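In case you want the letters, here they are:
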Amino acid sequence: MKLDLDAKSAGYLLDKLREEKPLVQCITNYVSMDIMANCLLAIGASPAMVHCAEEAADFQKIASALLINVGTLSTEWVAGMKMAAGAANILQKPWVLDPVAAGATPFRTETIVYLAKLRPWVIRGNASEIMALAGAAGATRGVDSTAESSEAVELGKQLALDLRTIVAVSGKVDYVTDGTRVLEVHHGTPMLQKITATGCTLTALIAAFVSCAQDDPLVATAHAMAMFGLAGEIAEQVCEKEVVAANGPGAVRVQLIDALYTLDRSDLYTHYDVVEQMLDSPSDVSDA
Amino acid sequence: MKLDLDAKSAGYLLDKLREEKPLVQCITNYVSMDIMANCLLAIGASPAMVHCAEEAADFQKIASALLINVGTLSTEWVAGMKMAAGAANILQKPWVLDPVAAGATPFRTETIVYLAKLRPWVIRGNASEIMALAGAAGATRGVDSTAESSEAVELGKQLALDLRTIVAVSGKVDYVTDGTRVLEVHHGTPMLQKITATGCTLTALIAAFVSCAQDDPLVATAHAMAMFGLAGEIAEQVCEKEVVAANGPGAVRVQLIDALYTLDRSDLYTHYDVVEQMLDSPSDVSDA
Amino acid sequence: MKLDLDAKSAGYLLDKLREEKPLVQCITNYVSMDIMANCLLAIGASPAMVHCAEEAADFQKIASALLINVGTLSTEWVAGMKMAAGAANILQKPWVLDPVAAGATPFRTETIVYLAKLRPWVIRGNASEIMALAGAAGATRGVDSTAESSEAVELGKQLALDLRTIVAVSGKVDYVTDGTRVLEVHHGTPMLQKITATGCTLTALIAAFVSCAQDDPLVATAHAMAMFGLAGEIAEQVCEKEVVAANGPGAVRVQLIDALYTLDRSDLYTHYDVVEQMLDSPSDVSDA
């Protein structure tokens with residue numbers, strides 16, 4: 001079933017996730033594990049951090065989706081990542097790749113390129129990461145992006161076509177593309193960047209939502225980004241109303257989890273801002 | 001000294017823990033480390049996450065207790081787990097096993113069965129995990145239980161007798177059994193299941209409390225479960241009183257830590273609900 | 001440029017950090033990663049947890065500073081620590097060592113001694129850790145100190161001279177010494193010890209601040225300790241004003257992050273208490 005690009009369809013997807021409670025196997029960096037597991041639980045999914053080569057593939061049998069995030073990379077973990085991605089492909093389970101800090105070191109970039117060619121359903125990164133992965137000259141600066149997301153869109157479209165995947169570029173505006181269509185997500189707040197691993201967590205939510213809408217991973221990804229960004233906006237608004245406590249990333253992190261937990265159709269109907277770019281088809285790029 | 005099954009005895013145990021400040025060596029999954037360490041500190045114990053084979057056994061010399069949790073398992077960590085359990089046994093330090101997601105993969109189940117046979121003082125899991133460990137057909141679904149805790153009681157009793165240990169089954173009602181006696185703990189709130197690693201954290205608290213009551217690990221385990229559940233109830237009640245912030249697992253997680261920190265005899269005297277099941281001795285099970 | 005030992009100079013350093021946004025490569029224990037990354041982001045720095053031998057050295061090329069914390073030690077991680085420290089030395093990037101639980105096991109103590117001799121710019125620990133590292137008899141008790149920080153000052157001075165480094169001893173009063181000068185930091189609150197990994201996080205902030213004041217790592221370390229302690233004081237005061245929620249380490253942890261985020265010159269001008277000890281030069285210690 002194809003999803004529509006509106007609040008009603010996003011609400012439908014949210015309800016579906018809460019009904020299906022997808023079990024998302026997360027092979028992710030150490031920094032992200034606490035917030036990622038809590039946000040998956042809050043939105044209604046079920047997290048399982050299972051990474052080692054001895055069981056990473058086996059676990060896919062009972063999982064609904066797979067997230068691979070290369071944040072705190074090591075050789076041992078790469079083995080588990082490859083096993084899990086291979087199993088997901090065989091079992092036709094959706095899996096999503098987060099290319100954290102692509103371009104930062106040769107080992108990291110090589111690992112990400114290898115994984116990206118294993119056919120993830122979605123790749124989500126910031127502009128620097130997507131540009132580095134796409135082979136652009138833009139050097140990455142750790143996990144924070146030094147480039148605007150709009151700069152990465154053209155490279156992201158090319159990458160999506162080359163790898164036959166969906167590329168999501170986080171930034172002030174988020175872009176989601178399959179190489180042909182480009183969706184713009186106008187949600188979120190700069191405060192989310194002051195909280196560690198919110199990008200990582202978003203990628204895990206994408207895996208959860210895509211598992212509930214396998215016929216339309218493009219729009220499911222945009223919905224996931226809109227809902228996560230909206231939860232961030234709500235969290236910040238709640239904190240601004242507090243009279244006693246300071247209003248900073250510590251408090252917003254707590255409220256982000258609660259906003260994901262309480263998020264419902266009325267929130268989406270009040271504010272949902274995802275649009276499709278009206279662009280010509282990229283006739284000058286080849287679908288190699 | 002034997003403990004009584006009442007609030008006064010629980011209060012005595014809590015005071016004793018705060019006086020002795022047991023140093024709990026935790027070999028635990030990555031997801032749980034932050035909340036587990038913070039909850040151990042909050043209740044009055046001292047956490048130390050020391051896992052590698054090179055020092056896991058040596059550290060037992062200065063530790064008061066040991067927790068082994070197999071959440072984010074890998075071959076390297078299993079080596080440290082075995083070393084630490086062996087050292088705990090030689091040094092007669094209490095140790096507790098958390099069989100996270102038993103049944104999910106062959107590697108995991110085999111590892112858990114191996115560790116369970118090394119004579120932990122207590123094994124705490126949800127119903128699915130205990131049933132999987134007991135060899136029942138009940139397939140596990142990641143770390144969330146798909147079975148009710150009451151279903152697992154009979155299997156838990158058998159397991160306790162077979163392994164000469166205490167088995168604690170978390171659920172709507174918690175059950176603690178040594179194979180003969182069955183204690184029921186009527187505490188907690190469903191919200192705790194929306195916060196990652198609260199079960200893991202409870203198991204660490206059991207290790208801490210058992211180290212302060214080594215003559216009566218059965219009742220100490222029930223007291224630990226009651227106090228953790230009660231802290232969860234208090235945390236949720238506090239959050240419900242908040243006027244500004246949303247009331248969800250993010251806020252409850254913060255208040256859970258504070259409730260453990262402020263928990264005292266008056267809380268226990270207000271609400272303590274642990275009872276012993278009046279059942280016949282299990283004459284039909286063999287103590288193999 | 002040399003820094004002064006006053007609030008104005010601390011404020012200058014804080015502004016400089018927020019302008020330069022130093023990228024701090026953290027090879028740190030699993031327990032600390034979430035709070036460390038969030039506190040680095042909150043104060044204005046950029047964290048990157050990159051640890052494995054395959055990329056730990058390469059990452060130093062784009063990093064501003066390096067933190068090595070041995071909390072959850074293992075052989076694999078030690079390889080990355082050595083690689084990164086070596087790269088930092090070659091590239092002349094400041095790096096800081098946190099000798100968590102020095103003295104607890106032979107493997108741990110040997111590793112810490114090895115790293116300490118690789119010329120870190122600063123070593124920060126509690127009194128037990130510094131005394132253990134200095135070869136004193138004081139046995140460590142996990143990560144909590146059993147000795148007063150003042151006891152460790154003389155040993156710390158000797159250690160600083162022997163290793164040609166700066167030694168910072170955390171405690172009720174913090175001491176920072178290069179072996180000749182001794183600075184006293186009168187900030188912080190006991191509640192910080194009830195929150196896991198606050199000491200680890202402080203060491204990461206020291207790395208960040210030292211990278212912005214490479215000519216004066218001694219005073220930069222004292223400023224970092226003062227600002228972190230002051231943020232803890234502010235966090236506790238905010239929580240004490242709360243009417244609904246309990247006031248414990250859970251809430252203070254959240255407010256600590258927010259206090260680091262909102263910390264500014266006016267906070268420092270209101271309360272900044274760092275003084276230099278007026279002591280004779282240590283004529284009786286040799287600079288071996």
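It should be noted that the structure appears before, not after, this text.
Residues numbered from 1 in each chain as written. Chains lettered and ligands numbered in written order. Predicted model: local features only at pLDDT ≥ 70, side-chain atom pairs only at ≥ 80, totals over all residues. Heavy atoms only, no water.

(A) Quick peek at the overall build of chain A. Counting its secondary structure elements, chain A contains 11 helices and 9 strands. A globule of 288 residues ought to have a C-alpha radius of gyration of about 19 Å, and chain A, at 17 Å, matches this closely. By principal-axis analysis of the C-alpha atoms, chain A measures approximately 50 × 45 × 40 Å. Considering only contacts in chain A between residues 6 or more positions apart, those separated by 24 or more positions represent 73%. Carbon together with sulfur atoms contributes 52% to the accessible area of chain A, which is approximately 9,600 Å² in total. (Helix = DSSP H or I, 4+ residues; strand = E, 2+ residues; numbered from the N terminus. Rg over C-alpha atoms; globule rule 2.2 N^0.38 Å. Contact = heavy atoms within 4.5 Å. Areas by Shrake-Rupley, 256 points an atom, 1.4 Å probe, with all protein chains shown as cover.)

(B) Structural context of empty space enclosed by the protein. Taken as a whole, this structure holds 3 cavities of 30 Å³ or more when the rule is applied. Here the second largest cavity defines a volume of roughly 120 Å³. Only helix H10 (249–262) of chain A, helix H10 (249–262) of chain B together with helix H10 (249–262) of chain C provide two or more residues apiece to the lining of the second largest cavity. Considering only residue class, the lining of the second largest cavity consists of 6 nonpolar, 3 polar and 3 charged. (1 Å grid on protein atoms, 1.4 Å probe; cavity = no way out; pocket = protein on both sides within 12 Å on 5 of 7 lines; lining within 4 Å. Points joined across faces, edges and corners; volume = space filled by probe spheres on them. Nonpolar A, V, L, I, M, F, W, Y, C, P; charged D, E, K, R; others polar.)

(C) Summary view of the sheet that holds strand S7 (residues 174–177) of chain A. All names here are of chain A. Pairing in this open sheet of 9 strands is mixed, and the strands run S2-S1-S3-S4-S5-S6-S7-S8-S9 from one edge to the other. On the outer flanks of this sheet lie strand S2 (46–48) and strand S9 (274–276), each paired with one strand and no other. When the angles between neighbouring strand axes are averaged without regard to direction, this sheet yields 20 degrees. Relative to strand S8 (residues 182–185), S7 is paired through 4 bridges, and the arrangement is antiparallel. From the neighbouring strand, Thr177 faces S8, where its bridge partner is Val182. (Pairing = 2+ DSSP bridges. Axes fitted to C-alpha atoms, helices over the stretch in contact; angles between N-to-C directions.)

(D) Representation of the side chain of Ser211(C) in the model. All names here are of chain C. Along the chain, the position of Ser211 falls in helix H8 (residues 198–211). What makes Ser211 buried here is its relative accessible area of 10%. Among all residues touching Ser211, those that are not within four sequence positions of it are Glu20, Pro22, Ser64, Ala65 and Pro94. (Buried < 20%, exposed > 50% of the residue type's maximum accessible area, 1.4 Å probe, protein only.)

(E) View of helix H7 (residues 153–163) of chain C. Listed as buried for H7(C) are Val153(C), Gly156(C), Lys157(C), Leu159(C), Ala160(C), Leu161(C) and Leu163(C). Contacts from the buried residues of H7(C) go to helix H5 (106–116), strand S5 (122–126), helix H6 (127–133), strand S6 (166–170), strand S7 (174–177) and strand S8 (182–185) of chain C.

(F) Main features of the interface of chain A and chain B. With 32 residues of chain A at the contact, the number on the chain B side is 33 residues. Taken over both partners, the interface formed by chain A and chain B buries close to 2,700 Å², and the fraction arising from carbon and sulfur atoms is 61%. For the chain A face of the interface with chain B, the top three residues by lost area are Leu41(A), Glu55(A) and Tyr261(A), together amounting to 19%. Inspection of the region where chain A meets chain B yields 2 salt bridges. Where Arg108(B) meets Glu55(A), a salt bridge forms, and the shortest distance between an N and an O atom there is 2.5 Å. Applying the counting criterion to the chain A and chain B interface returns 9 residue pairs in polar contact (both at pLDDT 80 or more). Among the secondary structure elements, those contributing two or more residues to the side of chain A that touches chain B are helix H2 (33–43), S2, helix H3 (56–60), helix H4 (75–91), helix H9 (217–241) and H10 of chain A. By residue number, the principal contributor to the side of chain A that touches chain B is H2(A), which donates 6 residues. (Buried area = accessible area lost by both parts, 1.4 Å probe. Salt bridge = Lys/Arg side-chain N within 4 Å of Asp/Glu carboxyl O. Polar contact = N/O pair within 3.5 Å; in protein donor to acceptor, adjacent residues only side chain to side chain.)

(G) A look at the sheet that holds strand S3 (residues 65–69) of chain B. Residues and elements named next belong to chain B. Judged by pairing direction, the sheet is mixed, and its 9 strands sit side by side in the order S2-S1-S3-S4-S5-S6-S7-S8-S9 without closing on themselves. A single partner strand is all that each edge strand has here, and the edge strands are strand S2 (46–48) and strand S9 (274–276). Averaged over neighbouring strand pairs, the angle between their axes works out to 20 degrees when direction is ignored. Helix H5 (residues 106–116) contacts S3, strand S4 (95–98) and strand S5 (122–126) of the sheet and is inclined by roughly 160 degrees relative to S4.

(H) Layout of the relation of the copies chain B and chain C. In the superposition of chain B on chain C (RMSD 0.0 Å, axial shift 0.0 Å), the rotation amounts to 120 degrees. The superposition operator between the copies reduces to a three-fold rotation axis. In terms of C-alpha distance to the rotation axis, chain B has Tyr30(B) as its closest residue, with the C-alpha 3.8 Å off the axis. Of the residues that chain B buries at the interface, just 9% are likewise interface residues in chain C, meaning the two copies contact each other through different surfaces. (Least-squares fit on C-alpha atoms with pLDDT ≥ 70 in both.)

(I) Broad picture of the relation of the copies chain A and chain B. Turning chain A through 120 degrees and shifting it by 0.0 Å along the axis lays it on chain B, with an RMSD of 0.0 Å. Of the residues that chain A buries at the interface, just 9% are likewise interface residues in chain B, meaning the two copies contact each other through different surfaces.

(J) Representation of the packing of aromatic side chains. Counting across every chain of the model gives 9 aromatic pairs over all chains. When the ring of Tyr30(B) is compared with that of Trp77(B), the centres are 5.2 Å apart and the planes differ by 75 degrees; the resulting orientation is edge-to-face. Placement of Tyr30(B) in the loop between strand S1 (23–27) and helix H2 (33–43) and of Trp77(B) in helix H4 (residues 75–91) is noted, with a sequence separation of 47 residues between them. Both residues of the pair, Tyr30(B) and Trp77(B), count as buried. Three or more aromatic residues link up through ring pairs in this structure, and these residues are Tyr30(A), Trp77(A), Tyr30(B), Trp77(B), Tyr30(C) and Trp77(C). Above the ring of Tyr114(B), the side-chain terminus of Lys82(B) is found at 4.0 Å from the ring centroid. (Phe/Tyr/Trp six-rings, centres within 6.5 Å; stacked < 30°, edge-to-face > 60°. Lys NZ or Arg CZ within 6 Å of the ring centre and 35° of its normal.)

(K) Local environment of the packing of H4(B) against H5(B). All names here are of chain B. Running from N to C, H4 and H5 cross one another at 10 degrees; their axes reach a closest spacing of 11 Å. By the angle class used here, H4 and H5 are roughly parallel. Touching Thr75, Val78, Met81 and Lys82 of H4 are Phe107, Thr111, Tyr114 and Leu115, all from H5. Across the contact of H4 with H5, the residue classes break down as 5 nonpolar, 2 polar and 1 charged. (Parallel < 35°, antiparallel > 145°, perpendicular 65-115°, else oblique.)

(L) Region of interest: the side chain of Arg124(C). Residue and element names in this part refer to chain C. Assignment of secondary structure puts Arg124 in strand S5. The class of Arg124 is buried, set by a relative accessible area of 5%. Polar side-chain contacts of Arg124 include one of 3.1 Å to the side chain of Asp98. In this structure, Arg124 is in contact with Leu97, Asp98, Pro99, Ile130, Ala168, Ser170, Gly199, Cys200, Leu202, Thr203, Ile206 and Met225, ignoring residues within four places of it in sequence.

(M) How the structure looks around unusual backbone geometry. Phi at Lys21(B) is positive, roughly 45 degrees, even though this residue is not glycine. With respect to the helices and strands, the residue Lys21(B) is situated in the loop between helix H1 (7–20) and S1. Of the residues examined, Lys21(B) reaches a relative accessible area of 44% and is grouped as partly exposed. Here the phi dihedral of Arg164(C) falls at roughly 50 degrees; this positive angle occurs in a residue that is not glycine.

(N) The pattern of salt bridges, seen in detail. Under the definition given, this model contains 27 salt bridges over all chains. Here Asp58(B) and Lys61(B) are joined by a salt bridge, their closest N and O atoms 3.4 Å apart. The exposure class of Asp58(B) is partly exposed, given its relative accessible area of 23%. Here the salt bridges share partners, and the residues they tie into one network are Asp34(A), Arg253(A), Asp34(B), Arg253(B), Asp34(C) and Arg253(C).

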